[in-house]
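Structural description and commentary
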Amino acid sequence: MIGNLNHVAIAVPDLDVAVATYRDTLGANVGAPQDEPDHGVTVVFITLPNTKIELLYPLGENSPIAGFLEKNPSGGIHHICYEVADIEAARDKLVASGARVLGDIKIGAHGKPVVFLHPKDFNGTLVELEQI
Ligand code: CO
């Protein structure tokens, strides 16, 4: 059901430092910061030959990653995103197999439908599915 790894999202406590680390130390292709007010984050996309890294930094009062950074003050992997061909079919299959789906299918930061799966059902990893 799942296809390519679309991205790994890393929550960071200092976006400028993280950008410098990926651009200058690791020599990656780092994009410009993009505010995503609907998602409560500022995102920097890093394009690798085979996938993407997304740096996530809190935006606004109720950012969904503020609590994560409180628990992980130096940052950390927040979620991983797998591609699926049909997100509704994937969601229905997961629900039928007892996995916990977090909320409804929404339009994600790339303008495509996404849904999140509970980390307790996936080895402690928050999983995002994105329809490609
Ligand atoms: Co994501």
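Look up: the structure comes first, before these words.
Residues numbered from 1 in each chain as written. Predicted model: local features only at pLDDT ≥ 70, side-chain atom pairs only at ≥ 80, totals over all residues. Heavy atoms only, no water.

**Some thoughts on the coordination of the cobalt ion**
Selection rule: As a rule, N, O and S atoms within 2.8 Å of a metal are its donors, except that Na, K and Ca use 3.2 Å; water is not among the atoms, so sites may look incomplete. For the purposes of this entry, the term helix denotes a DSSP run of H or I that reaches at least four residues, the term strand denotes a run of E that reaches at least two, and both are numbered from the N terminus. Think of it in three bands: residues with accessible area under 20% of the maximum for their type are buried, residues over 50% are exposed, and the middle band is partly exposed, with areas taken using a 1.4 Å probe on protein chains only.
The cobalt ion binds to the protein through H7 (NE2), H79 (NE2) and E128 (OE), with metal-donor distances spanning 2.0 to 2.1 Å. Sequence spacing among the residues donating to the cobalt ion works out to H-x71-H-x48-E. A residue pair is termed long-range when its members are at least 10 positions apart, and H7 in strand β1 (residues 5–11) and E128 in strand β9 (residues 127–131) qualify at 121 residues. For the pair H7 and E128, a shared accessibility class is recorded, and that class is buried.

**Quick word on the nonpolar core**
Threshold: In these notes, a set of buried Ala, Val, Leu, Ile, Met, Phe, Trp, Tyr and Cys residues joined through side-chain atoms within 4.5 Å is what counts as a nonpolar core. Throughout, a contact is declared for two residues whenever any of their heavy atoms are within 4.5 Å.
Counting residues in each nonpolar core, the largest one holds 22 residues, and the members touching the most others are V44, I46, L55 and L129. The contacts of V44, once residues within four sequence positions are left out, are L15, V19, V30, G31, A32, P33, I53, E54 and L55. By size, the runner-up hydrophobic cluster in this structure holds nine residues, among which are A11, V43, F45 and I65.

**Digging into the pairing of β9**
Put simply, the rule reads: Here, strands pair whenever DSSP counts at least two bridges between them.
For β9, the tally of buried residues reaches four of five residues, placing the bulk of the element in the interior. Bridge count for strand β6 (residues 76–84) against β9 is five bridges, and the pairing is parallel. Paired with V84 across the strands is Q131, a residue of β9. As paired elements, strand β8 (residues 113–117) and β9 share four bridges and run antiparallel to each other. Considered in β9, the bridge of L117 is made with V127.

**What about the pairing of β1?**
Burial within β1 is extensive, with six of its seven residues counted as buried. In terms of strand pairing, β1 meets β6 through six bridges, oriented antiparallel. If you follow A9 over to β6, its bridge partner there is H79. Bridge count between β1 and strand β5 (residues 52–58): five bridges; the pairing is parallel. Note on β5: the bridge partner recorded for H7 is K52.

**Observations regarding helix α3 (residues 87–96)**
Our working definition: The directions from the helix axis to the C-beta atoms form the arc being described. Pairs of N or O atoms are called polar contacts if they sit within 3.5 Å, as long as, within protein, a hydrogen donor faces a hydrogen acceptor (for residues adjacent in sequence, only side-chain-to-side-chain pairs).
When α3 is considered as a whole, its buried residues turn out to be I87, A90 and L94. Seen along its axis, α3 keeps its buried residues to an arc of 60°; they face one direction. For α3, the exposed residues set more than 90 degrees away from the buried face come down to K93 and A96. The opening residue of α3, the one whose side-chain oxygen lies 3.1 Å from the backbone nitrogen of E88, is D86.

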